[in-house]
Amino acid sequence: MTQKPDLPSLDKIPTIGPDGMLTSYLGAFRYFTSSGPMVQEGYDKFKGAPFKLPRFKRWLVVVSSHKLVEELRKAGDDELSLTAAVAEVRKHWHSIGRESNENQDLAADYTLGRNSHTNPYHVSVLRNQLNRNLAVLFPQTHDEIVRAFDETIPLTGDWTKVCAYDAASQIVCRVANRMFVGAPLCKDPDWLALNLSFSKDVVLGGRTVSLLPRFLQPIAVSLLTNINAQVRRGMRHLVPVIQDRQQHIDEYGQDWDNKPNDMLSWLMDAARGDEKSMQNITRRILVLNFAAIFTTTMSFTHALFSLAAMPHYIKPLREEVEVIINNEGWSKASLDKMQKVDSFLRESQRYNTSAISMVRLTLKDFTFSDGTVIPKGTFVGAAQCPIHHDEENYVNAGVFDGFRFVNKRMSEGENAKHQLVATDPVYLPFGHGRHACPGRHFAANLLKGLLAHLVLNYDVKLENEGVRPTNMWIDGSLVPNQTAEVMFKERRF
Ligand code: HEM
């Protein structure tokens, strides 16, 4: 640990696991495979009061009371920085850092590219252009959902076993890329393979490179990782598309007829200075894939396993989708009306949830209102998993209740508060506050479109009926089983 555990202020905060100078490393190893149980242990023991967990380079202080989670939300970026999340918590692999240069574990300057955190203009493109265009672009999204399902999960009258995680990642990557780069690139096998492997390359390569002195890191990225090769691979796909669009802009002006309305165009329009280079635009698209694909795939796979393990949910979900689609057809407005679909996905994210949310790095000493002082250079986060499973926050919190939020939405004035995209101090999968995931409206649209299409067209079950494949804790994330199969069959009418 760079911070000695005997620093007075940290010393006062109780620890889960060993807290000796050397023994705390054992706790850091344990966290890698048991973050959920460790955070739950701290929550049960010290409920309401902060506690700390050892990570390899720093301590992580965990808060859980409403009050302290709100203080975490309100703290300024100059005090508590989101960038810390990029470095250590796998769930936040995609929280591309901001103003500080603390992304040491990913050596982000050289893996993701320095600009991704010094100039995160993609975040405002997500908040503005992407969110504004969700309804307009829904026909394309739906078209790609249908094609991706047809080509990934056979629609036949016999039960067919399919690896859920692989299928989900193919479908999510393809549909997301229809919005990112358009067709036909969104379904190009090499483009999909690149984007599905890029996250792993960044995380594993970044961890290796970050062990070296900073001056060696640029060369080490070339020698020890294939990240630069992956960027070149991305450029082979994107450069001809960018050049073609640029040629149209040069000839016919910024808003030429039939200009593609997708992330690539929005980034090209928003980029300034050297951000406009082919390499930087390519990196930015890869960074967005890095942000979007793993998280959305995990979320959809969790929901799919829950549906296959509890197939009694299929009928009411299907009935809801069928009535809406028969009356109004496929549109974003139709998806917005699907309260059961929305609730099932929200409950799936509540139930199958990462250990910690809203991870921040203290850039200066930070004092919570209960007097707890968190020294500069410490991680702070909210106890997401225990908060989600606390009876005080949710009735029958330990039970998966797919329509829990439909019922909550029925009360006066409660409708918006319990939608999939809504965040609050007891619902944290997208974070909460200023930095809450800017891609969550897009993710929700995608997840709802996928689930609605699934229940309308397929029956699903598990070979070992009712037994949900076991999740795994990996470094803070609750990862769904990546090899388990789900059985699919064309639905019977
Ligand atoms: C189910 C899917 C997703 C989940 C669970 C998720 C979760 C999160 C979380 C927890 C954060 C950090 C919030 C905080 O610390 O306060 C975050 C940030 C972020 N997410 Fe997502 N996300 C998802 C999908 C997406 C998608 C599809 C995109 C892009 C289209 C995206 C782009 C981002 C970006 C760029 C940030 C950083 C925001 C900032 O720097 O202020 N995410 N996300």
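Residues numbered from 1 in each chain as written. Predicted model: local features only at pLDDT ≥ 70, side-chain atom pairs only at ≥ 80, totals over all residues. Heavy atoms only, no water.

As recorded by an unreviewed UniProt entry, the protein chain carries the name Cytochrome P450 and is attributed to Piloderma croceum. The heading Cofactor (unreviewed entry) in the UniProt record of the protein chain holds the text "heme". (UniProt positions renumbered as here; feature names shortened; annotations may be inferred.)

Peer 1: Can you help me understand the packing of aromatic side chains in this one?
Peer 2: When we look at a pair of aromatic rings, we describe it by the centre distance and by the angle of the planes. Per the counting criterion, the structure on display carries 13 aromatic pairs. Plain terms: the ring middles of Phe149 and Tyr458 are 5.8 Å apart, the flat faces sit at 40° to each other, and that makes the pair tilted. Here Phe149 is found in helix H8 (residues 138-152), whereas its partner Tyr458 is found in strand S9 (residues 458-461), with 309 residues between them in sequence. On the basis of an interplanar angle of 85° and a centroid distance of 6.2 Å, the ring pair of Tyr394 and Phe405 is categorised as edge-to-face. On the criterion of sequence distance, the pair formed by Tyr394 in the loop between helix H18 (384-388) and helix H19 (404-409) and Phe405 in helix H19 is long-range, its members being 11 residues apart. Each member of the pair, Tyr394 as well as Phe405, carries the same accessibility label: buried. Ring pairs connect the aromatic residues Tyr313, Phe344, Tyr351, Phe400 and Phe403, which therefore count as one cluster. Its end group placed over the ring of Phe379, Arg58 keeps NZ or CZ at 5.6 Å from the ring centre. Above the ring of Phe403, the side-chain terminus of Lys340 is found at 5.6 Å from the ring centroid. (Phe/Tyr/Trp six-rings, centres within 6.5 Å; stacked < 30°, edge-to-face > 60°. Helix = DSSP H or I, 4+ residues; strand = E, 2+ residues; numbered from the N terminus. Buried < 20%, exposed > 50% of the residue type's maximum accessible area, 1.4 Å probe, protein only. Lys NZ or Arg CZ within 6 Å of the ring centre and 35° of its normal.)

Peer 1: Got a minute to help me understand the pattern of salt bridges in this structure?
Peer 2: When the charged atoms of two side chains with opposite charge come close together, those side chains can pair. Taken as a whole and judged by the stated rule, the model has 31 salt bridges. As a salt-bridge pair, Asp475 and Arg55 come within 2.6 Å of each other at their nearest N and O atoms. You can see Asp475 sitting in the loop between strand S10 (472-474) and strand S11 (477-479) and its partner Arg55 sitting in the loop between strand S1 (51-54) and strand S2 (59-63), a full 420 residues away along the chain. Grouping residues by exposure puts Asp475 and Arg55 together as buried. Because the salt bridges share partners, they merge into one network encompassing Asp143, Glu144, Arg147, Glu151, Arg174 and Arg178. (Salt bridge = Lys/Arg side-chain N within 4 Å of Asp/Glu carboxyl O.)

Peer 1: Hey, could you run me through the UniProt feature "transmembrane region" (unreviewed entry) in the protein chain in this one?
Peer 2: Under the UniProt annotation, "transmembrane region" (unreviewed entry) lies at residues 286-310. Annotated as residues 286-310, this span is 96% helix and 0% strand, and its ends, taken at the C-alpha atoms, are 36 Å apart.

Peer 1: Help me understand the pairing of S1, please; the structure alone is not making it clear to me.
Peer 2: A regular strand places its side chains on the two faces of the sheet in alternate fashion. Judged by which residues are buried, S1 turns out to be covered on both faces: Phe51 and Leu53 on one side and Lys52 and Pro54 on the other are all buried. Pairing between S1 and S2: four bridges, direction antiparallel. For Leu53, the partnering residue across the bridge sits in S2 and is Leu60. Hairpin connection from S1 to S2: four residues lie between these consecutive antiparallel strands. (Pairing = 2+ DSSP bridges.)

Peer 1: What's the story with the state of the cysteines in this structure? I'm lost.
Peer 2: Defined simply, a disulfide is a covalent bond joining two cysteines at their sulfur atoms. What the rule picks out here adds up to zero disulfides. No disulfide involves Cys186; its nearest neighbouring cysteine sulfur is the one of Cys173, lying 9.5 Å away. (Disulfide = S-S within 2.5 Å.)

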